[in-house]
Amino acid sequence: MKRLKISDPGNCYACQSCMVACSEAFYKGEAYDPANSCIQIGQKEDGTMQVRTCLQCGKCARTCEQGAIKQNPKGVYMIDKKLCIGCGKCAEVCPMKVIVFTKDKPSKCVACGICIKACPMQIIEMFEKD
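Quick summary incoming for the structure in this document. None of the values given here were measured: they were computed from a predicted structure.

**Topic: the pattern of salt bridges**
Point 1. The final tally for this structure, using the stated rule, is one salt bridge.
Point 2. Here E65 makes a salt bridge to K89, at a shortest N to O gap of 2.9 Å. Taken together, the residues span a long stretch of sequence, with E65 in the loop between α2 (59–63) and β4 (69–71) and K89 in helix α3 (residues 89–93) at a distance of 24 residues.

**Considerations on the side chain of Q56**
Point 1. Of note, Q56 is situated in the loop between β3 (49–52) and α2.
Point 2. Here Q56 falls in the buried class, since its relative accessible area comes to 3%.
Point 3. Within the structure, the side chain of Q56 is placed 2.9 Å from the backbone nitrogen of Y77, a separation counted as a polar contact.
Point 4. Of the polar contacts made by the side chain of Q56, one reaches the side chain of K108; its length is 3.3 Å.
Point 5. Non-local contacts of Q56, meaning those with residues more than four positions away in its chain, are made with M1, K2, R3, G75, V76, Y77, K108 and C109.

**A few points about the state of the cysteines**
Point 1. Under the counting rule described, the total for this entry stands at zero disulfides.
Point 2. With no disulfide of its own, C112 lies 6.3 Å from the sulfur of C115, the closest cysteine sulfur.

**Notes on helix α1 (residues 17–26)**
Point 1. The complete set of buried residues in α1 reads C18, M19, A21, C22 and S23.
Point 2. For α1, the elements touching its buried residues are β2 (40–43), α4 (114–118) and β8 (124–128).

**What to know about the nonpolar core**
Point 1. The biggest cluster of nonpolar side chains holds 31 residues, and the ones touching the most others in it are C18, I39, I69 and I124.
Point 2. For this core, the secondary structure elements donating two or more residues are β1 (2–6), α1, α2, β5 (77–79) and α3.
Point 3. Those residues in contact with I124 that lie beyond four places of it in its chain are L4, K5, I6, C18, I39, C115, I116 and C119.

**Structural notes on a nonpolar patch on the surface**
Point 1. Taken together, the side chains of F26, M78 and V110 present a nonpolar region at the surface, about 200 Å² in accessible area.
Point 2. Inspection of the secondary structure assignment puts V110 in the loop between β7 (105–107) and α4.

**Section: the environment of E128**
Point 1. Relative to the assigned elements, E128 resides in strand β8.
Point 2. Here E128 falls in the exposed class, since its relative accessible area comes to 58%.
Point 3. Remark: the alpha-carbon pair of E128 and G75, spanning 53 residues in sequence, is separated by 8.9 Å.
Point 4. If we ignore the near neighbours within four places in the chain, the residues touching E128 are M1 and K2.

**Re the pairing of β1**
Point 1. Burial runs high along β1: four of the five residues are buried.
Point 2. Of the pairings in the sheet, the one linking β1 to β8 comprises five bridges and is antiparallel in character. Each bridged residue has a counterpart across the sheet, and for K2 the counterpart in β8 is E128.

**Structural notes on the packing of aromatic side chains**
Point 1. Using the criterion set out here, one finds one aromatic pair in the structure.
Point 2. One residue, K5, lies across the ring of F127, its end atom 5.8 Å from the ring centre.

**Brief notes about unusual backbone geometry**
Point 1. In the Ramachandran plot, A14 falls in the positive-phi region, its phi being about 55 degrees despite a non-glycine side chain.
Point 2. Checked against the element boundaries, A14 lands in the loop between β1 and α1.

Rules used in this analysis
- Residues numbered from 1 in each chain as written.
- Predicted model: local features only at pLDDT ≥ 70, side-chain atom pairs only at ≥ 80, totals over all residues.
- Heavy atoms only, no water.
- Salt bridge = Lys/Arg side-chain N within 4 Å of Asp/Glu carboxyl O.
- Helix = DSSP H or I, 4+ residues; strand = E, 2+ residues; numbered from the N terminus.
- Buried < 20%, exposed > 50% of the residue type's maximum accessible area, 1.4 Å probe, protein only.
- Polar contact = N/O pair within 3.5 Å; in protein donor to acceptor, adjacent residues only side chain to side chain.
- Contact = heavy atoms within 4.5 Å.
- Disulfide = S-S within 2.5 Å.
- Core = buried A, V, L, I, M, F, W, Y, C linked by side-chain atoms within 4.5 Å.
- Patch = residues over 30% accessible without salt bridge, like charges linked within 9 Å, V, L, I, M, F, W, Y side chains within 5 Å.
- Areas by Shrake-Rupley, 256 points an atom, 1.4 Å probe, with all protein chains shown as cover.
- Pairing = 2+ DSSP bridges.
- Phe/Tyr/Trp six-rings, centres within 6.5 Å; stacked < 30°, edge-to-face > 60°.
- Lys NZ or Arg CZ within 6 Å of the ring centre and 35° of its normal.

Laid out in structure tokens, this is it:
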């Protein structure tokens, strides 16, 4: 299964380069909106940075009553926009809260790697998980 991993969250300086790259990839031609990124950076209670990415856990797919979220051969869960009715249940169950819901349809990480290339600290990695 292909998914993102944060190698050293302590080295994240919350520059949001990864978020900008993700948002622009999904919503070309629109102004950057941090809420439109499928990778999110926030601060924990102890003041350290937390980078939230899709775990490719499948909770969204198991919740989707329309069968609009399916796992591809690389293990990445993808949303079929034609089958999606925009109910938002997938976003509600996402444990990392990284399913973006705009224009009445959700978007989620597709493990494209754009955020990896954008990160100046090089702390985002792609790995294969069995």
